[in-house]
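# Structural characterization, general
Here are the chains, one letter per residue:
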Amino acid sequence: MRLYAAAPARCARQVLGDLLLLGWIAGWAWAGREVHDATLQLGRPGRATASAADDMAGRFNDVEGQIGAIPGVGDDLAAPFRGAADAAESLAAAGRSQVEFVEDGALLVGIAVFLIPVLLVAVLYVPLRIRFVRRASAAQRLVGADPALLALRALANQPLRSLTQISDDPVGAWREGDPAVVRRLADLELRDLGLRR
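Overview of the structure. These numbers were taken from a predicted model, which means no experiment stands behind them. In this numbering scheme, every chain counts its residues from 1 along its sequence in written order. Local features in this predicted model are restricted to residues of pLDDT 70 or higher, and side-chain atom pairs are both shown and tallied only at a pLDDT of 80 or more, whereas totals for entire chains, interfaces and linings draw on every residue. Side-chain calculation: all heavy atoms of the structure are included, whereas hydrogens and water are not.

What follows concerns the overall build of the chain. Where helices and strands are cited, they refer to DSSP runs of H or I of at least four residues and of E of at least two residues respectively, numbered from the N terminus. A tally of helices and strands in the chain yields 7 helices and 0 strands. Helices and strands appear in the chain in the N-to-C order α-α-α-α-α-α-α. Our radius of gyration is a C-alpha quantity, and the globule rule it is checked against amounts to 2.2 Å times the number of residues to the power 0.38. A globule of 197 residues ought to have a C-alpha radius of gyration of about 16 Å, yet the chain, at 36 Å, is considerably larger. For the chain, the spread of C-alpha atoms along the three principal axes comes to 120 × 25 × 25 Å. Only protein chains enter the accessibility calculation, which uses a 1.4 Å probe. A residue is then buried if its area is under 20% of the maximum for its type, exposed if over 50%, and partly exposed in between. Taken across its 197 residues, the chain has 30% of its residues classed as buried. It only takes one pair of heavy atoms within 4.5 Å for two residues to be counted as in contact. Long-range contacts, defined as pairs at least 24 residues apart, comprise 72% of the intrachain contacts of the chain with a sequence gap of at least 6. When the accessible area of the chain is evaluated, it comes to approximately 12,400 Å², of which 64% is carbon and sulfur surface. Think of it this way: Lys and Arg go in the positive column, Asp and Glu in the negative one, and His and the chain ends go nowhere. Each charge is placed at NZ for Lys, CZ for Arg, CG for Asp and CD for Glu. Here the chain contributes 22 positive and 22 negative side-chain charges, whose respective centroids are spaced 20 Å apart. Methods summary: accessible areas were calculated by the Shrake-Rupley approach with a probe of 1.4 Å, and residue burial reflects only the protein chains presented.

Written as structure tokens, this is what we have:
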């Protein structure tokens with residue numbers, strides 16, 4: 001498999017493009033993590049509310065237990081404290097619910113901050129690299145073989161301006177099997193693929 005072109009300038013551009021893509025991914029991964037952590041801070045009031053409400057519910061339950069132990073009137077006196085403890089537990093549940101909502105939102109926002117820019121660039125860059133690797137790998141297998149096939153590809157793929165610089169009648173020269181023209185056409189196609197003979 002051929003990952004990079006043989007021509008130094010094109011190879012350098014491909015390596016630089018791959019490194020920039022990796023840097024882009026790493027940068028947006030860091031940004032996504034930072035946004036996630038910053039968004040989690042929105043859950044601090046909910047955590048504080050839940051903690052304070054749990055503590056308050058525990059105290060009301062303790063008071064209810066102690067007052068409920070008074071013979072005769074304990075149950076009547078403990079009822080308001082039981083109600084207050086239930087209200088505090090409801091408040092704690094609401095605080096925990098807010099924290100869960102913020103945590104879910106932070107995860108989604110962090111993933112979105114990472115994925116959207118990375119996918120936008122990857123959708124454009126990765127198919128070009130895959131196309132190069134496939135074409136160059138296929139052509140690499142033909143480099144040592146008869147150059148006539150590569151010359152035929154050059155006749156089909158290369159601009160007319162490039163073909164006429166090689167020969168006034170490149171198709172005729174290819175049909176006659178002119179070795180110099182066939183080799184130059186094959187080299188033109190290899191150069192376009194980023195390879196060398």
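A few words on the side chain of Thr39. Along the chain, the position of Thr39 falls in helix α1 (residues 8-40). Judged by its relative accessible area of 17%, Thr39 falls in the buried class. Sequence-distant contacts of Thr39, defined by excluding residues within four places in its chain, comprise Val102, Ala106 and Val109.

This paragraph deals with the pattern of salt bridges. Between side chains of opposite charge, a pair can form as their charged atoms come close. Counted as salt bridges are all cases of a side-chain nitrogen of Lys or Arg within 4 Å of a carboxyl oxygen of Asp or Glu. Applying the stated rule across the entire model yields 7 salt bridges. A salt bridge links Asp37 to Arg33, with the nearest nitrogen and oxygen atoms 3.5 Å apart. In this pair, Asp37 and Arg33 are both assigned in helix α1, 4 residues apart and thus about one turn of the helix distant. Taking the relative accessible area as the measure of exposure, Arg33 reaches 53% and is therefore exposed. Glu189 is paired through a salt bridge with Arg153; the nearest N and O atoms lie 3.2 Å apart. Separated by 36 residues along the polypeptide, Glu189 in helix α7 (residues 179-193) and Arg153 in helix α4 (residues 148-157) bring together distant segments of the chain. By relative accessible area, which is 31% here, Arg153 ends up partly exposed.

A few words on the environment of Arg141. Secondary-structure assignment places Arg141 in helix α3 (residues 74-142). In the structure, Arg141 is positioned 110 residues away from Ala31 in sequence and 43 Å away in space, judged by C-alpha atoms.

It is worth spelling out the packing of α4 against α7 at this point. Packing of α4 against α7 leaves a shortest axis separation of 7 Å and a crossing angle of 70°. Considering their axes alone, α4 and α7 lie roughly perpendicular with respect to each other. In the crossing of α4 with α7, the sense of the turn from one axis to the other is left-handed. Residue-level contacts link Ala148, Leu150, Ala151, Arg153, Ala154, Leu155 and Asn157 of α4 to Val182, Leu185, Ala186, Glu189, Leu190 and Leu193 of α7. Class assignment for the residues of the contact of α4 with α7 results in 10 nonpolar, 1 polar and 2 charged. Each axis is a line fitted through C-alpha atoms, and for a helix only the stretch in contact is used; angles between axes span 0 to 180 degrees, taken between their N-to-C directions. Any angle from 65 to 115 degrees is called roughly perpendicular, while one under 35 is roughly parallel, one over 145 is roughly antiparallel, and all others are oblique. Less than a right angle of anticlockwise turn of the near helix away from the far helix marks a crossing as left-handed, whereas a clockwise turn marks it as right-handed. Note on residue classes: Ala, Val, Leu, Ile, Met, Phe, Trp, Tyr, Cys and Pro are nonpolar, Asp, Glu, Lys and Arg are charged, and everything else, Gly too, is polar.

Approximately 200 Å³ is the volume found for the largest pocket. Looking at the lining of the largest pocket, the elements with two or more residues in it are α1, α3 and α7. The element that contributes the greatest number of residues to the lining of the largest pocket is α3, accounting for 7 residues. Looking at the lining of the largest pocket residue by residue, the class counts come to 5 nonpolar, 1 polar and 5 charged. Think of a 1 Å grid over the protein atoms and nothing else: a 1.4 Å probe that fits but is trapped marks a cavity, an open set flanked by protein within 12 Å on at least five of seven lines marks a pocket, and residues with an atom within 4 Å of a point count as lining. Grid points are joined across faces, edges and corners, and a volume is the space filled by probe spheres set on the points.

Turning to the packing of α1 against α3, a few remarks are in order. Interaxial distance between α1 and α3 falls to 7 Å at its minimum, and their mutual angle equals 170°. Taken together, α1 and α3 sit at an angle that is classed as roughly antiparallel.

Time to look at the side chain of Ser137. Within the element layout of this structure, Ser137 appears in helix α3. There is a polar contact of 2.7 Å between the side chain of Ser137 and the backbone oxygen of Val133. With sequence-adjacent residues up to four places away left out, Ser137 is seen in contact with Met1, Arg2 and Phe132. Definition of a polar contact: a pair of N or O atoms within 3.5 Å, with one able to donate and the other able to accept a hydrogen when the atoms are protein atoms, and with sequence-neighbouring residues admitted only if both atoms are side-chain atoms.

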